[in-house]
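Take a look at the letters that make up each chain.
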Amino acid sequence: MFRSLHRWPGLFAAILLGIVALSGAVLSVYPAYEAMNAPGSAGMSVAELASRVQAQKPTVEQIRQAPSGKVTAYFYEGDQPTAATIDPKTGATIGSADTPALQRWLTNLHRSLFLGDSGRIVVASGAAAMLLLCISGLSLLARRAGGWRRLFSPLRGSGEGRRHASIARLAVWGLTLSSVTALWMTAATFGLIPEGAGAPAFPANVSGETGLLPATIQVLQQTPIDELRSLTFPVAGDKTDVFTLKTTSGEGYIDQGTGVLLAWNDASAWQRVSDVIALLHTGQGASVLGLLLGLSALGVPVMAWSGIRLWFSGLRKRKDSSAPADQGDTIILVGSEGGSTWAFADTLRETLTATGAQVHTAAMSALAPDQWPKARRIILLAATYGEGEAPASARGFLERLAALPKAPAAQVAILGFGDRSFPAFCGFAAEVARAVESKGWHQFLPMDTVDRQSPQDFARWGRSLSQALGSAFELNHQPKAPLTRELRLVSRRDYGAEVQAPTAILRFALPQASLWQRLTRRTFAAFEPGDLLGIVPEGSAVPRFYSLASGSRDGFVEICVRKQPGGLCSTQLTMLEPGESVHAFLRPNLGFRPKRGKNPVLLIGAGTGIGPLAGFARNNHAVQPMHLFFGARHPSSDALYAKELAEWQNEGRLTSVTTAYSRGPAPIYVQDALRRDAARVARLVSEGAQIMVCGGRDMAAGVAAALSEILAGGGPTLAALKAEGRYAEDVY
């Protein structure tokens with residue numbers, strides 16, 4: 001349960017949390033900077049401060065002190081209101097009172113994503129997701145360590161998982177504090193937290209006298225400057241006005257002629273708690289704490305990236321067996337969390353297939369003996385997650401096994417994968433073995449184990465398997481690196497800088513093939529728009545995939561890339577200059593191509609998802625009806641392919657183009673554009689249109705919801721469109 005609670009909020013909120021965390025990390029520096037540069041005022045009273053400021057600024061209307069110690073005076077120069085930062089010791093101006101433009105920009109981004117109250121709600125949702133991630137992450141860390149008492153013991157394991165856990169163990173405390181305080185402050189902003197007593201009622205009776213100097217007012221003499229929030233001076237010449245004093249302990253009114261405290265309200269418990277919450281969240285008044293919270297926030301994009309990599313490696317699609325499920329005589333079922341066990345399954349499948357076996361590979365969670373009528377043996381490759389739990393692709397296996405009316409007729413063998421440094425070494429595999437024995441399922445090999453993905457352990461078990469099957473073979477497992485070619489960048493077009501989302505359209509030259517490469521068919525394979533380009537970044541053996549915006553007949557390789565926070569490959573690509581190269585390979589994506597014919601095609605995408613859709617339009621030489629719905633942030637910054645889209649529409653390669661800019665003059669998202677054009681969309685679907693969606697998962701989900709609404713009045717459902725091959729997604 002904790003893994004699901006940890007995984008899904010992280011996946012859905014990764015980009016949002018990265019933006020909020022990075023902006024918060026930068027903002028945490030400002031309180032420390034203010035505290036370092038604020039002049040000392042220890043031991044000074046508010047009376048002294050007010051007298052010195054009034055001597056320098058006779059028209060002063062108000063003095064404010066920030067929690068960092070920065071003092072600001074508001075006064076008139078001639079008939080113009082102005083403000084300045086003040087040295088408390090002299091009352092003289094030492095700087096501008098204006099907040100730096102970058103700080104204002106970051107604050108608006110951090111608090112509301114520039115979207116007002118709607119943005120505040122979105123950010124609060126991100127804070128709630130972060131809190132859930134922290135709670136579930138702490139539970140997972142404790143489980144990984146072997147209990148709460150061992151939470152700070154040396155971490156075991158290796159690779160991406162250990163790096164993720166190491167950063168999380170340091171950052172989780174600050175992130176928990178930041179998320180809780182952010183939720184409180186949002187609730188207070190929307191009036192969900194009681195505000196307390198506030199200011200007392202304005203006094204009905206005053207002395208009517210004026211001219212008393214602040215230095216002679218006893219209340220101000222007794223108030224230390226450290227407690228001051230603001231002191232508002234009475235309006236000159238207004239005998240009914242008063243001094244208004246606000247401190248950390250309350251606020252009230254002072255007679256300007258007698259210095260008598262006319263009314264006072266102590267700060268309520270809610271106000272005091274809210275003050276502490278603001279201090280804990282912003283670091284204003286506690287600069288060291290603010291910097292520590294900023295350091296914790298820097299871990300968010302790193303953990304988001306590593307977490308997504310871990311999740312996707314667990315879901316990475318593997319090659320299926322050479323035999324369909326109903327034809328396989330050998331069934332390999334895989335239970336894997338990070339994806340590495342699937343590689344061993346591939347080696348086993350390839351080896352057994354070479355001996356003449358008909359092998360089908362599937363996840364353990366897909367246990368279905370009734371679908372394997374020809375199966376003679378079932379081999380379970382079961383990794384262990386945490387303290388003996390089922391890995392992601394084996395979830396539900398034990399329940400499915402228990403629900404079977406009897407044991408499968410095919411014999412079974414169990415191979416566990418784990419790490420002996422963990423107390424529950426191959427614990428899930430052992431639990432599977434017990435369940436198999438309890439079910440009366442015959443094992444043709446005793447359960448065995450592989451420690452730390454050891455090829456030697458796997459080969460040893462393979463020899464036992466070879467003897468049991470009466471077939472001579474060796475399991476020689478070697479991780480396979482993709483065969484790459486060097487691609488040289490010939491041009492780039494940059495977008496998104498104004499909205500802090502650097503994006504580039506990168507065009508590479510097709511690699512030249514020698515005569516020998518052509519004869520041996522080692523050339524760069526033919527490709528179509530929508531196929532995938534795997535790029536192996538420097539410093540990693542793990543390729544990243546980008547949808548192609550061109551076909552081989554175009555004579556170039558083109559992709560759209562947006563720089564992701566902490567993204568190794570996207571950072572390298574967005575910094576690539578013409579003449580520089582990357583190492584890449586192709587992977588077909590046959591399920592994401594428009595069908596040929598006269599039926600219309602609805603192309604729906606957002607951001608860099610425009611890439612393959614632009615490729616489809618570019619290659620639409622037959623002038624098949626294609627209708628594009630494209631969403632981006634702002635027309636002046638990231639209108640990708642704007643010139644080409646206009647040209648293709650004039651040439652008939654695009655029948656219509658509908659754009660939706662979320663930060664334009666009339667903000668709208670692509671799914672809203674679909675709803676706005678619901679009648680035409682429904683008509684096109686009724687005419688047999690194929691729908692192709694490319695972009696982020698959240699966008700794709702919003703598009704699916706909008707289309708479901710549009711088609712609810714009649715016509716096929718999305719499920720029916722998918723079954724007919726008329727609805728395809730390429731999402732990330």
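Residues numbered from 1 in each chain as written. Predicted model: local features only at pLDDT ≥ 70, side-chain atom pairs only at ≥ 80, totals over all residues. Heavy atoms only, no water.

A word on the packing of helix 10 (residues 340-354) against helix 13 (residues 455-469)
Close contact between helix 10 and helix 13 brings their axes to 13 Å; oriented N to C, the two are set at 35°. Viewed along their axes, helix 10 and helix 13 form a crossing whose handedness is right-handed. Residue-level contacts link Phe344, Thr347, Leu348 and Leu352 of helix 10 to Phe458, Trp461, Leu465 and Leu469 of helix 13. Among the residues making up the contact of helix 10 with helix 13, the classes are represented as seven nonpolar, one polar and no charged. (Axes fitted to C-alpha atoms, helices over the stretch in contact; angles between N-to-C directions. Helix = DSSP H or I, 4+ residues; strand = E, 2+ residues; numbered from the N terminus. Left-handed = near helix turned anticlockwise from the far one by under 90°. Contact = heavy atoms within 4.5 Å. Nonpolar A, V, L, I, M, F, W, Y, C, P; charged D, E, K, R; others polar.)

Some words on the environment of methionine 699
Relative to the helices and strands, methionine 699 resides in helix 20 (residues 697-711). The class for methionine 699 is buried, based on a relative accessible area of 11%. Residues methionine 699 and isoleucine 604, 95 residues apart in the sequence, show an inter-C-alpha distance of 9.8 Å. Look past the residues within four positions of methionine 699 in its chain and what remains in contact with it is Gly605, Ala606, Val670, Val693 and Cys694. (Buried < 20%, exposed > 50% of the residue type's maximum accessible area, 1.4 Å probe, protein only.)

Concerning helix 17 (residues 642-651)
For helix 17, the set of buried residues is Glu644, Leu645 and Trp648. Angular distribution of buried residues about the axis of helix 17 spans 100°; they occupy a single face of the element. Facing away from the buried side of helix 17 by more than 90 degrees, the exposed set consists of Lys643 and Asn650. Check the buried side of helix 17 and you find it contacts strand 14 (485-495), helix 16 (610-618), strand 21 (626-632) and strand 22 (656-661). In the segment just after helix 17, glycine 652 is the residue with positive phi, at about 90°. (Arc of directions from axis to C-beta.)

Examining the packing of aromatic side chains
As enumerated under the stated definition, the model contains eleven aromatic pairs in all. Geometrically, the ring pair formed by tryptophan 105 and phenylalanine 114 is tilted, given 5.3 Å between the ring centres and 50° between the ring planes. One residue, arginine 507, lies across the ring of phenylalanine 556, its end atom 3.7 Å from the ring centre. (Phe/Tyr/Trp six-rings, centres within 6.5 Å; stacked < 30°, edge-to-face > 60°. Lys NZ or Arg CZ within 6 Å of the ring centre and 35° of its normal.)

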